[in-house]
Amino acid sequence: MNSDRDNKDEELLDISSDKELVRVADEVAFDILHPDIDNNKRLLFLLLLFIIFLTSIVSFMCFSMADRFNSIKNNTITTGSVLFSFSDDSNYINMIDVYPVSDEVGMKLTGKNEMYEFNVSEKYYGDVSKKKSSDYSNYEVSLVLNDENTIEPNYIKIYLIKNQKEVKINDKVINRISELPKSKVQNNGYTLIRNEINDDNFDNYTFRMWLSSDYAVDSVSRVFKCKIVVNSY
């Protein structure tokens, strides 16, 4: 009887040992068939770290750019700016079917196509304590001729007044357009006056032009057009 019980116990032990062996074998087989699970976990962790780092860098750059923009904007408001303006009433001054006149008459002309008024101004806006002469722009007033003119510019005389004072060009107050110096800032322009500005200013101009008395009138209708241009430099 005892011998039979011992045999049964041995069979039970063998079965238990077989189950343990099967479990261990299964674990070993799983590790062999899935070797990348730990690596995948490690890669996933590194990827999360990289995303967090990248997000931090982008946020820092955005805040830095916002601070820099605000700084530039505040500097502009603090230092101020100069507004340069030129006002005029028309694009071209037209002379159509006009007759020659003397210089004495021409200097007093008041007709629409004989006298032209305009002004140029510069004004500083901002903190006056930070205003500098270098904040201002010099400017040039020039005359630009129309390509369709049928009267030669040497027969057109001009007369310029600035702030109720005569402007001398080539040491003369009356000049033919052909005598005017060529502009260095305006293409195909003739310089009337150049001004250096270092403070707020308002300049009022009156420009007159007329057909010279030595022009020979004929029966052909002729025209002369020009316009005033102001450039800062």
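Note that the structure is a prediction, hence the values are computed from the model and not measured. (Residues numbered from 1 in each chain as written. Predicted model: local features only at pLDDT ≥ 70, side-chain atom pairs only at ≥ 80, totals over all residues. Heavy atoms only, no water.)

J.: Is there a simple way to explain the overall build of the protein chain in this structure?
T.: Scanning the protein chain from terminus to terminus reveals three helices and ten strands. Across the protein chain, helices and strands are ordered from the amino to the carboxyl terminus as α-α-β-β-α-β-β-β-β-β-β-β-β. Relative to its 233 residues, the protein chain shows a buried fraction of 27%. Restricting the contact set of the protein chain to residue pairs at least 6 apart, pairs at least 24 apart contribute 80%. As displayed, the protein chain offers around 16200 Å² of accessible surface, 54% of which is attributable to carbon and sulfur atoms. (Helix = DSSP H or I, 4+ residues; strand = E, 2+ residues; numbered from the N terminus. Buried < 20%, exposed > 50% of the residue type's maximum accessible area, 1.4 Å probe, protein only. Contact = heavy atoms within 4.5 Å. Areas by Shrake-Rupley, 256 points an atom, 1.4 Å probe, with all protein chains shown as cover.)

J.: Any chance you could explain the side chain of Asn-201 here in plain terms?
T.: Examined against the element boundaries, Asn-201 turns out to sit in strand β9 (residues 201–211). According to the relative accessible area criterion, Asn-201 is buried, its value standing at 16%. Setting aside its immediate chain neighbours within four residues, Asn-201 contacts Val-120, Ser-121, Glu-122 and Tyr-139.

J.: Just to check I follow, could you spell out the packing of aromatic side chains for this structure?
T.: Both the distance between ring centres and the angle between the ring planes are used here to describe each pair of aromatic rings. Scanning the entire structure with this criterion turns up three aromatic pairs. With 5.6 Å between their ring centres and 35° between their planes, Tyr-116 and Phe-118 make a pair best called tilted. Side by side, Tyr-116 and Phe-118 carry an identical accessibility label, which is buried. Look at Tyr-155 and Tyr-215: their rings are 5.2 Å apart centre to centre, the planes differ by 75°, and that puts the pair in the edge-to-face class. (Phe/Tyr/Trp six-rings, centres within 6.5 Å; stacked < 30°, edge-to-face > 60°.)

J.: I keep staring at a nonpolar patch on the surface and nothing clicks. Help me out?
T.: A cluster of nonpolar side chains, Leu-44, Leu-47, Leu-48 and Ile-51, forms an exposed patch at the surface whose accessible area comes to about 370 Å². Mapped onto the secondary structure, Leu-44 falls in helix α2 (residues 37–79). (Patch = residues over 30% accessible without salt bridge, like charges linked within 9 Å, V, L, I, M, F, W, Y side chains within 5 Å. Salt bridge = Lys/Arg side-chain N within 4 Å of Asp/Glu carboxyl O.)

J.: Just to check I follow, could you spell out the pattern of salt bridges for this structure?
T.: Note on pairing: side chains with opposite charge can pair once their charged atoms come close. Applying the stated criterion across every chain, the model contains seven salt bridges. Two residues, Asp-135 and Lys-132, come together in a salt bridge whose shortest N-O distance is 3.5 Å. When its relative accessible area of 26% is taken as the criterion, Asp-135 is described as partly exposed.

J.: Teacher, can you tell me more about the nonpolar core here?
T.: Nonpolar side chains in soluble globular proteins tend to be buried together. Among the nonpolar cores identified, the biggest contains 32 residues, and Leu-143, Leu-192 and Phe-207 are the most heavily contacted of them. Counting residues per element, the ones that place at least two in this core are β2 (93–96), β3 (115–125), β4 (139–145), β5 (156–162), β8 (189–195), β9 and β10 (223–232). Leu-143 has contacts with Ile-158, Ile-177, Leu-180, Asn-188, Gly-189, Tyr-190, Leu-192, Phe-207, Cys-226, Lys-227 and Ile-228, leaving out every residue within four places of it along the chain. Of all hydrophobic cores here, the second largest spans five residues; its members include Tyr-159, Ile-161, Ile-174 and Trp-210. (Core = buried A, V, L, I, M, F, W, Y, C linked by side-chain atoms within 4.5 Å.)

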